Amino acid sequence: MNTISVEQLRTWLDEGRPVSIVDVRPLAQRQEWAIPGSLHLDAYEALNAHDAQALASLDLDGSRPVVTVCAAGKTSQIAAEQLRARGLPQVFSLEGGMQAWSLAWNSATIPLPDYSPQVIQMRRTGKGCLSYMIGMGAEAVVIDASLDPQIYLDSAARHGWQITRVLDTHIHADHLSRSRELARQSGAMLLLPAQQRVSFPFTAIHDGEMCGIPSLRLMALHTPGHTMESTCYLLDGHILFTGDTLFPASIGRPDLEANKTEALLRAHALYQSLHRLLALPADTLVLPGHTSAPVPFDGVPLMTTLSEIDERIDLLHAKRADFVDTVLARLPAPPFNAARIVQLNEQGVLPEQALTELEAGANRCAIF
Ligand SMILES: [Fe+2]
């Protein structure tokens, strides 16, 4: 059986190699998330019923490799067999399916002047988790690590950087933070917003403190709301890492398991925090912690400016009471496995097994 690993397919897409990706999952699963550029044919039932015509309507370019995809990598093998039987020369089934694809990633470099620090956006394409590596001189800082620590270590090494600081913007509920493990493997200092939630050692960051390497002006801005410890980081006074507090077209949700009183408190805090951010210069570059759509392998950074956000999000112009009412009325369902993920992040535990099962599902950190 010819299969392809997530890493191999990720590399092909990263290199721009032509490939036809055929997603055979049911429509509802496809709508949750998908591999950028993939074709969809809702053939799940027909394939499992061994209907030889299940993929008959597909018109594929025989000169390109074909990769079939399903939820966990089984039905896609049936699809691959059928396509091979049609005479297509290179057909592979994606190992582990979309569940394994949850760990696939790509990156984009933020265009900045030569003399400034380099900022790389590292994107977990399926889940939409965005992390950042900031390099300056021989050192690098990583914010919100959500990928295998080795990916950051390799990327830093390619740039001639040693990772010396690892930061999180908040205690995450949608993915397992890799920051503690990355700090351990790199020997970097682990910095987290001051809070009493986690049960492992870290260096606490408070509002207004500088938290980067000495050559980097990276300042913490405590912006409670999404969670009470949520903190944004401002680089050189004009590049803002907003975590889950502010997105290009939406705002962060007051966090998950909060009861009514707590949610009200957080919605008020969020209002204050967002307005604090909006008071920064209008051309401040905003680099968020998540995106809701699968990230293409296009090398284009997901970023915007505060002024664009200000124009785009009406709710930012609402009066405090209306803002709070709207936020509370629109709270979305918590992310899949949120309570368990929060618990593991508070314990600083990164289970080796079942990582992708725990983190399955689309991201739901934004409020709209
Ligand atoms: Fe979050």
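The sections below set out a description of the structure shown in this document. These numbers come from a predicted model, not from an experiment.

Once that is clear, we can look at the sheet that holds strand 12 (residues 203-205). Ordered by their spatial adjacency, seven strands build an open sheet running 6-7-8-9-10-11-12, and the pairing between neighbours is mixed. A strand with exactly one partner marks an edge of an open sheet, and here the two such strands are strand 6 (105-109) and strand 12. Sheet twist, expressed as the mean angle between neighbouring strand axes with direction ignored, is 25°. In this sheet, strand 9 (residues 139-143) lies alongside strand 8 (residues 129-136) in antiparallel orientation, the contact comprising five bridges. Across the sheet, the residue bridging to Met-133 is Val-142, located in strand 9. Sheet strands touched by helix 6 (residues 149-159): strand 6, strand 7 (118-124), strand 8, strand 9 and strand 10 (162-167). Its angle to strand 7, the strand with the most contacts, is close to 150°. Packed on one face of the sheet, helix 7 (residues 179-186) meets strand 9, strand 10 and strand 11 (189-193) and runs near 155° to strand 10.

Here the focus is unusual backbone geometry. A positive phi angle, close to 55°, is found at His-50, a residue other than glycine. Turning to its location among the elements, His-50 is positioned in the loop between helix 3 (44-48) and strand 4 (66-69). Overall, the relative accessible area of 58% leaves His-50 in the exposed class. Positive phi is not limited to glycine here, since Asp-236 has a value of about 50°. Within the fold, Asp-236 resides in the loop between strand 14 (231-235) and strand 15 (239-243).

Calculation criteria
- Residues numbered from 1 in each chain as written.
- Predicted model: local features only at pLDDT ≥ 70, side-chain atom pairs only at ≥ 80, totals over all residues.
- Heavy atoms only, no water.
- Pairing = 2+ DSSP bridges.
- Helix = DSSP H or I, 4+ residues; strand = E, 2+ residues; numbered from the N terminus.
- Axes fitted to C-alpha atoms, helices over the stretch in contact; angles between N-to-C directions.
- Contact = heavy atoms within 4.5 Å.
- Buried < 20%, exposed > 50% of the residue type's maximum accessible area, 1.4 Å probe, protein only.

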